[in-house]
Amino acid sequence: MRDNSAVTSPTPRPWTPAANAPAPRLVATDLDGTLLRDDKSVSPRTVAALAAAEQAGIEVFFVTGRPARWMDVVSDHVHGHGLAICGNGAAVVDLHGGPGRHRFVKVRDLAPEIALDVVHILRAAAPGTAFAVERTGGLHHEPTYPPLHLEAGESVAAAEKLLADGSPCADQPVLKLLAYHADLAPDEFLALARAAVGDLAAITRSSPSALLEISGPGVSKASTLALCCAERGITADEVVAFGDMPNDMEMLRWAGTSFAMGNAHPDVLAAASGHTVPNNEDGVAAVIEQILAARQPSGDGAPGDSWKSDS
């Protein structure tokens, strides 16, 4: 779910690439609130657009805050490389094996000692904060952490025990620390936490509640996407990115072309270079279709019209 209840869908803002802009080689898209409809489905139009992009030689990367085990919704729609960026950049996962058989290709973990420092800082800055620890093998949480997720925790204990060297899951890298506050507003909690923690860790959010997602320093959707693109010889100018929430903002600013969904958080609308229609109207598919149409010659043999974000 996304915190879009107070956001009025804007009129899509047309965007036309500069005359010397390189052709897109990679599409990077968030899932919840972006590629997926609110019922968590992938529409037939979007399925067709993803397949057409890959067939045209444009790689598609799913870039999400979800853990790898929640990727079943799109595992049937990966093509070519089969990779997805999960956990806000904490992991690159190969989805070729299908539901439940993913493989971690790259892990950018959060050191337990840093996570523990963050726990102590946030407890002092925002008393009443409850914590959960997302490891490669599953979720572990404190007794006061609410049932916000699709599954029960693997274990329940104080954060100090969940992060201890002797914990039963200590051999599994920490992907994210989650922090929840029952009384603070989501953006207020985010601002407070960033001020208190500083550069010790990367903090963002994507939930409608005051739930923060905390990664290792420098870890974000943008930084991991940049690594994956560098491995492929793809520059930021050749990337088109889509998102709707604060955890997408670095990626949208990094990409040469970026689109905020019509249902996006106000800060995301300001950060993106273009706007498309909301997720429930297949905004990602609409832009991909425009990209592909622009690659086709027109009837007189001239290049197709420049693609925009207002279809």
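*Asks:* Break down the overall build of the protein for me, with residues and values.
*Replies:* Across its full length, the protein holds 10 helices and 14 strands. With 311 residues in all, the protein has 55% of them scored as buried. Sequence-distant contacts in the protein: of pairs separated by 6 or more residues, those separated by 24 or more amount to 61%. For the protein, the accessible surface area stands at approximately 12600 Å², while carbon and sulfur atoms represent 53% of it.

*Asks:* How would you summarise the packing of aromatic side chains if you had to cite specific residues and measurements?
*Replies:* Taken as a whole and assessed by the stated rule, the structure comprises one aromatic pair. When the ring of Phe-242 is compared with that of Phe-259, the centres are 5.5 Å apart and the planes differ by 20°; the resulting orientation is stacked. Of the two residues, Phe-242 is situated in strand 12 (residues 239-243) and Phe-259 in strand 13 (residues 257-260); the sequence distance between them amounts to 17 residues. When its relative accessible area of 0% is taken as the criterion, Phe-242 is described as buried. Classification of Phe-259 as buried rests on a relative accessible area of 0%.

*Asks:* Break down the pattern of salt bridges for me, with residues and values.
*Replies:* One pass over the full model with this rule turns up 16 salt bridges. Notably, a salt bridge pairs Asp-282 with Arg-37, separated by 2.8 Å at the nearest N-O pair. Of this pair, Asp-282 sits in the loop between strand 14 (274-275) and helix 10 (283-294) while Arg-37 sits in the loop between helix 1 (31-35) and helix 2 (44-55), and the two are 245 residues apart along the sequence. The residue Arg-232 makes a salt bridge to Glu-231 at a minimum N-O spacing of 3.8 Å. Here Arg-232 falls in the partly exposed class, since its relative accessible area comes to 24%.

*Asks:* I'd like a description of helix 4 (residues 112-125), backed by residues and values.
*Replies:* Since the α-helix advances by 3.6 residues per turn, residues separated by three or four positions end up pointing in the same direction. The terminal C-alpha atoms of helix 4, which comprises 14 residues, lie 20 Å apart, in line with the 20 Å expected from a rise of 1.5 Å per residue. For helix 4, the full list of buried residues reads Ala-115, Val-118, Val-119 and Leu-122. Projection of helix 4 onto a plane perpendicular to its axis shows the buried side chains occupying an angular sector of 105°, all on one side. When the buried face of helix 4 is taken as reference, the exposed residues oriented beyond 90 degrees from it are Glu-113 and Ala-124. Tucked inside the fold, the buried residues of helix 4 contact strand 6 (130-135), helix 5 (159-162), strand 9 (174-180), helix 6 (186-197) and strand 11 (211-215).

*Asks:* Report on the confidence of the model for the protein, specifying residues and quantitative values.
*Replies:* Averaged over every residue, the pLDDT of the protein is 89; the share at 70 or more is 86%. The model gives residues 299-311 a pLDDT under 50, and that stretch makes 42 contacts with residues more than four places away or in other chains.

*Asks:* Requested: an account of the pairing of strand 4 (residues 91-94), with residues and values cited.
*Replies:* Consecutive side chains along a regular strand alternate between the two faces of the sheet. Burial along strand 4 is two-sided: Ala-91 and Val-93 and Val-92 and Asp-94, pointing in opposite directions, are all buried. In this structure, the hairpin formed by strand 3 (residues 83-86) and strand 4 is closed by a connection of four residues, where Gly-87 is found at a positive phi of approximately 60°.

*Asks:* Go over the state of the cysteines, please, and point to the residues and values.
*Replies:* Tallied over the full model, the rule gives zero disulfides. With no disulfide of its own, Cys-228 lies 7.0 Å from the sulfur of Cys-229, the closest cysteine sulfur. On the basis of relative accessibility, which here comes to 2%, the residue Cys-228 falls in the buried class.

How each quantity is defined
Residues numbered from 1 in each chain as written. Predicted model: local features only at pLDDT ≥ 70, side-chain atom pairs only at ≥ 80, totals over all residues. Heavy atoms only, no water. Helix = DSSP H or I, 4+ residues; strand = E, 2+ residues; numbered from the N terminus. Buried < 20%, exposed > 50% of the residue type's maximum accessible area, 1.4 Å probe, protein only. Contact = heavy atoms within 4.5 Å. Areas by Shrake-Rupley, 256 points an atom, 1.4 Å probe, with all protein chains shown as cover. Phe/Tyr/Trp six-rings, centres within 6.5 Å; stacked < 30°, edge-to-face > 60°. Salt bridge = Lys/Arg side-chain N within 4 Å of Asp/Glu carboxyl O. Expected span 1.5 Å × (residues − 1). Arc of directions from axis to C-beta. pLDDT = per-residue confidence, 0-100. Pairing = 2+ DSSP bridges. Disulfide = S-S within 2.5 Å.

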